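Chain by chain, the residues run as shown.
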Number of protein chains: 4
Amino acid sequence: MLGPQVWASVRQGLSRGLCRNVKGRKVDISGIYPPVTTPFTATAEVDYGKLEENLHKLGTVPFKGFVIQGSTGEFPFLTSHERLEVVSRVRQVIPKDKLLIAGSGCESTQATVEMTVSMAQVGADAVMVVTPCYYRGRMSSAALIHHYTKVADLSPIPVVLYSVPANTGLDLPVDAVVTLSQHPNIVGMKDSGGDVTRIGLIVHKTSKQDFQVLAGSVGFLLASYAVGAVGGVCALANVLGAQVCQLERLCLTGQWEAAQKLQHRLIEPNSAVTRRFGIPGLKKTMDWFGYYGGPCRAPLQELTPAEEEALRLDFSSNGWL
Amino acid sequence: MLGPQVWASVRQGLSRGLCRNVKGRKVDISGIYPPVTTPFTATAEVDYGKLEENLHKLGTVPFKGFVIQGSTGEFPFLTSHERLEVVSRVRQVIPKDKLLIAGSGCESTQATVEMTVSMAQVGADAVMVVTPCYYRGRMSSAALIHHYTKVADLSPIPVVLYSVPANTGLDLPVDAVVTLSQHPNIVGMKDSGGDVTRIGLIVHKTSKQDFQVLAGSVGFLLASYAVGAVGGVCALANVLGAQVCQLERLCLTGQWEAAQKLQHRLIEPNSAVTRRFGIPGLKKTMDWFGYYGGPCRAPLQELTPAEEEALRLDFSSNGWL
Amino acid sequence: MLGPQVWASVRQGLSRGLCRNVKGRKVDISGIYPPVTTPFTATAEVDYGKLEENLHKLGTVPFKGFVIQGSTGEFPFLTSHERLEVVSRVRQVIPKDKLLIAGSGCESTQATVEMTVSMAQVGADAVMVVTPCYYRGRMSSAALIHHYTKVADLSPIPVVLYSVPANTGLDLPVDAVVTLSQHPNIVGMKDSGGDVTRIGLIVHKTSKQDFQVLAGSVGFLLASYAVGAVGGVCALANVLGAQVCQLERLCLTGQWEAAQKLQHRLIEPNSAVTRRFGIPGLKKTMDWFGYYGGPCRAPLQELTPAEEEALRLDFSSNGWL
Amino acid sequence: MLGPQVWASVRQGLSRGLCRNVKGRKVDISGIYPPVTTPFTATAEVDYGKLEENLHKLGTVPFKGFVIQGSTGEFPFLTSHERLEVVSRVRQVIPKDKLLIAGSGCESTQATVEMTVSMAQVGADAVMVVTPCYYRGRMSSAALIHHYTKVADLSPIPVVLYSVPANTGLDLPVDAVVTLSQHPNIVGMKDSGGDVTRIGLIVHKTSKQDFQVLAGSVGFLLASYAVGAVGGVCALANVLGAQVCQLERLCLTGQWEAAQKLQHRLIEPNSAVTRRFGIPGLKKTMDWFGYYGGPCRAPLQELTPAEEEALRLDFSSNGWL
């Protein structure tokens, strides 16, 4: 949480027009990103050492960058201090040329702005802002446009919209996306809903803007490229990062048949580490693939033995284990 | 409805093993189909003359064939006699080399079998069978596998599965599709749900079968081709048939950039004549494009002037009007 | 299905104003009704003999009448001829002073009108008309008001609205109910959704009309009485009819404590024979309680042994077995 | 947020068995509570003066106590410090004999425990703990039982479960409630889902425990009393508190007819300040009724003039304005 002085200076900065992205250009977010998990010790403390180890291993994969504290990062379980500390550590570990996109969404607009500013201060290159959702019955297009506009106005770094209805029960409406795409500090969107008709429509209706769409899951990555997305933030890339990047290359070079074959083999493993078994499934898989997975914070529970067996089958039956 | 004699002979045929597809081969259903609308007179009678006129116009488009009495055909509003009579008339009008796929789904297995057999008798090349749905709470995979197996066992012509959750509130589960794909008389599936991850998974898990997947809407046609679908049944093809077939050609010849541009321009018009304004929207558009649209049967209502204006905008803003 | 002559006479009748409810008064539908199941033989024919036996046994319970071909009656699996024949047989068996309310809903307005007129001809005292639902995306209040108004205009007997979202995916909107309650031939509503706030609101907003609301399930019968409903159509009354009628008496005589105790013991058995195990569960239970349950028509499947055991527990743990 | 020392002492306390409710008895939570709103100044700071003024006015109503930081309190928009400060101020203002139930739910189990302990320290008599929901796909009964058990084990004051699916997209499963009702430090539940069949079942299946159920809204308060609930936490009680308490009295004294009439008149105003117009609607109404409503924190938006008019009509048409 920002102290009152910082927040006051943020507001002053706004009034002087200084808080806009000083680089004067939009960042190019195209490419593949793993939404990095947050490792915990057996006593549920953040394990910064294991985080660094994981990042070193992930550093060998040709990712565009790293998403820190997407849904996969268990951000709702972290304190504000932990959220910032994690991003700060990541910044120190990863190469300068890798984009660091930090999740800074909170329920209130004010808290989101504060977290956004703080994320910039600890080294994030851009923020990814999830839709507020607790009062989803009142989260009209107008309310969401107001929210994101405030955040983007006050953010020193570019803003990426983030729609993830499986977690929020809310789809950022297309008309709101189109309006927000015109904001000079909003550079794109991560869409995890999996509705490729919607993704195509968003690409179409924002084509006159400098606006980029990332698929929020590898399950529909090929299809998203086909309709105009430029990359993906893919939980599965935490364990099969090279393969996800290979799928990207096949799409970008027009090798659609090979891309299709690879895409097919990634659907079940991806569902297993997202919709079906969630972060506990992903972390278990990380243990298998040489990363540190470890426990989740409660109330997320470990997999049962039956779930673990089903998880393994989703990888082995597709030739990954 | 079949008389008792016909039904008895169907059952005898089954016991003698004669009811399987006598041609001994599976039909190739790849390609584009319009789900033909049923024209009505001002007094809500089926207008067979207008039906023939529409078919003559549609005959100039390089469709693989015609789907008669998909959801777009208002089949739930037709009597059994009308359902068969419409198919019979279509058979007489369209060229022999065009596939006629007739919707034969009813709520009960027995009624579906009877309708399927009758559809074959009046000239259908294949049937498309929607999931029964009134008792959706009990429509488990087991129940649906049982239903489709009975229908396919007894059908003299190939069977296409049909999943359309917007109408039925029910997704035919992937595991049921995989099981059913092994039936020698089940040749494929029309999936109208728009979940391209699911379509890719179905293609992947039925890859060892002779099983073909059609997209149920042009909104996700390009993406469906990208993940392995082989065609589409597209309401919009009733008015923009040439364009939908052009999109097919661009996909099949690997011209993905041009395909993407065309796909983008078809999303809003397609949503307008399906999800947003339904069959009344499609029929109104048909009137604009030189076909006979005419009224729907009640309880479907005509568009309001405001709806009609919004419908027109969805076409004109994409350059189609 | 009516022949053309009958239908023509219906339309003539309408134009002469003769088709309105000739009795000139609204029927009082308050009370408890079992939605009677349709018995089938082992070969899936309607078993009229077993139907009569069941009705004789049900005749000893102080029901207000019988609902024939509600959702529990498997009406979507019956031919038009069977629907009418079943009602005709019931009329001959039950006492004159018991109300016979027949389900006459079809997808199209025209078919619903025809079925309604036919139901009156074979002896129904009133019809219960389920919302059309296949094109639920276009079933606006305006469309539904139009549908029910046409049916009520042309029906020779009173009309009861029927909202059952678990089957139809559609709630008849409150504003449509309020408008329709003003129609002289619409006497009430069966609401199976279980939202007692909604039921209270409907009672409140129709209080100036002669309009009665029936709970569509015994699970919320006490609560419905508390907010102003006047009875119920309760699947569980097919096996625990005396108990459901006892609950009615306790409510009507203000014995709320005893009512609450009885209500509590009926919730799990009721869920078991509706939401949880459906008609197969109810028919299995009928076999236990001395009625004829027998098989359902396909695609409804028999319970598995595990389901049957769970069903039995829901009755035994509440002291009914 | 608790400092590490406090948290360490909490854990030590647990191991010594000292953290259980030292009073050695369960609190009686029966009665009516307003879920108090959090007043903000024009610059979105918490307005503690206005909070006190509101509480003084609410103090004239025969409430059992006050719920602080239920969903109506905008708790997701408050910092941890603000959450505690608000409760602390309320404790100083309200009479000792009024129960102060504080919302202490957070996404992680650990944060919820810390907030719970802190709420006890600042004077709460009990806590109300909303279901964690961001990872709802993994919030199985087992996970939720684990979460609430940990919180109840470590809480120095009694715990009330809180299920509010409109906000969380999650219903606390009945089997989890039944298991948790056996915990000595869990005294009851607030159920805001409005499914009175479920409420009756919970009362029935926890009848051997000392477990009390509160309705989460006045819309189904009468019906909830009818099936065994013992009170309600009702947003509408912030403006029509006397009337909600009158409804309680009518229910408790068996005056069901008068209760029904009053209940009917409260449904639309209640929907208006909850589902339909949310907290902005409630705060606007508070301004009308002599309380301080004021603005919400962003992203919640003020009502539009059309919404405000509709809100007023929902009160005036029922005789409250």
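A brief report on the enclosed structure follows. (Residues numbered from 1 in each chain as written. Chains lettered and ligands numbered in written order. Predicted model: local features only at pLDDT ≥ 70, side-chain atom pairs only at ≥ 80, totals over all residues. Heavy atoms only, no water.)

1. Description of the interface of chain B and chain C
Argument step 1. Listed per partner, the contact involves 40 residues of chain B and 40 residues of chain C.
Argument step 2. Counting the surface lost from both chain B and chain C, the interface buries some 3200 Å², and carbon and sulfur atoms represent 56% of this.
Argument step 3. Viewed at the interface, chain C and chain B are joined by 2 salt bridges.
Argument step 4. Of the charged contacts in the structure, one is a salt bridge between Glu307(C) and Arg138(B), with a shortest N-O distance of 3.4 Å.
Argument step 5. Counting the contacts that link chain B with chain C gives 20 residue pairs in polar contact (both at pLDDT 80 or more).
Argument step 6. Mapped by element, the contributors of at least two residues to the side of chain B that touches chain C are helix 4 (109-121), helix 5 (141-154), helix 6 (165-168) and helix 12 (278-288) of chain B.
Argument step 7. The leading source of residues in the side of chain B that touches chain C is helix 6 of chain B, at 4 residues. (Contact = heavy atoms within 4.5 Å. Buried area = accessible area lost by both parts, 1.4 Å probe. Salt bridge = Lys/Arg side-chain N within 4 Å of Asp/Glu carboxyl O. Polar contact = N/O pair within 3.5 Å; in protein donor to acceptor, adjacent residues only side chain to side chain. Helix = DSSP H or I, 4+ residues; strand = E, 2+ residues; numbered from the N terminus.)

2. Brief notes about the pattern of salt bridges
Argument step 1. Counted under the stated rule, the structure contains 47 salt bridges over all chains.
Argument step 2. The partner of Arg198(C) in a salt bridge is Asp191(C), with the nearest N and O atoms 2.8 Å apart. Of the two residues, Arg198(C) and Asp191(C), neither departs from the other in class, the shared state being buried.
Argument step 3. Within this structure, Asp171(A), Asp191(A) and Arg198(A) form a network of salt bridges that share partners. (Buried < 20%, exposed > 50% of the residue type's maximum accessible area, 1.4 Å probe, protein only.)

3. Comments concerning the environment of Asn167(D)
Argument step 1. Residue position: Asn167(D) is located in helix 6 (residues 165-168).
Argument step 2. Taking C-alpha positions, Asn167(D) is 9.9 Å from Gly193(D), a pair spaced 26 residues apart along the chain.
Argument step 3. The contact partners of Asn167(D), leaving out residues within four places of it in the chain, are Cys133(A), Tyr134(A), Tyr135(A), Arg136(A) and Ser71(D).

4. Concerning the packing of aromatic side chains
Argument step 1. For the structure shown, the criterion picks out 22 aromatic pairs over all chains.
Argument step 2. When the centroid spacing of 5.3 Å and the interplanar angle of 70° are considered together, the rings of Phe75(B) and Tyr134(C) count as edge-to-face. Residue Phe75(B) is found in the loop between strand 3 (65-68) and helix 3 (80-93), and its partner Tyr134(C) is found in the loop between strand 5 (126-130) and helix 5 (141-154); the two belong to separate chains. When sorted by exposure, Phe75(B) lands in the same class as Tyr134(C), which is buried.
Argument step 3. Pairing Phe63(D) with Phe66(D) gives two aromatic rings, centres 6.1 Å apart and planes at 70°, and the pair type is edge-to-face. Assigned by exposure class, Phe63(D) and Phe66(D) land together as buried. (Phe/Tyr/Trp six-rings, centres within 6.5 Å; stacked < 30°, edge-to-face > 60°.)

5. Some thoughts on the relation of the copies chain D and chain A
Argument step 1. With an RMSD of 0.0 Å, the fit of chain D onto chain A corresponds to turning through 180° and sliding 0.0 Å along the axis. One copy is carried onto the other by what is essentially a two-fold rotation axis. When each C-alpha of chain D is compared by its distance to the rotation axis, Gly169(D) comes out closest, at 3.4 Å.
Argument step 2. Interface overlap between copies is the fraction of interface residues in one copy that are interface residues in the other; for chain D against chain A it reaches 100%, indicating a shared surface. (Least-squares fit on C-alpha atoms with pLDDT ≥ 70 in both.)

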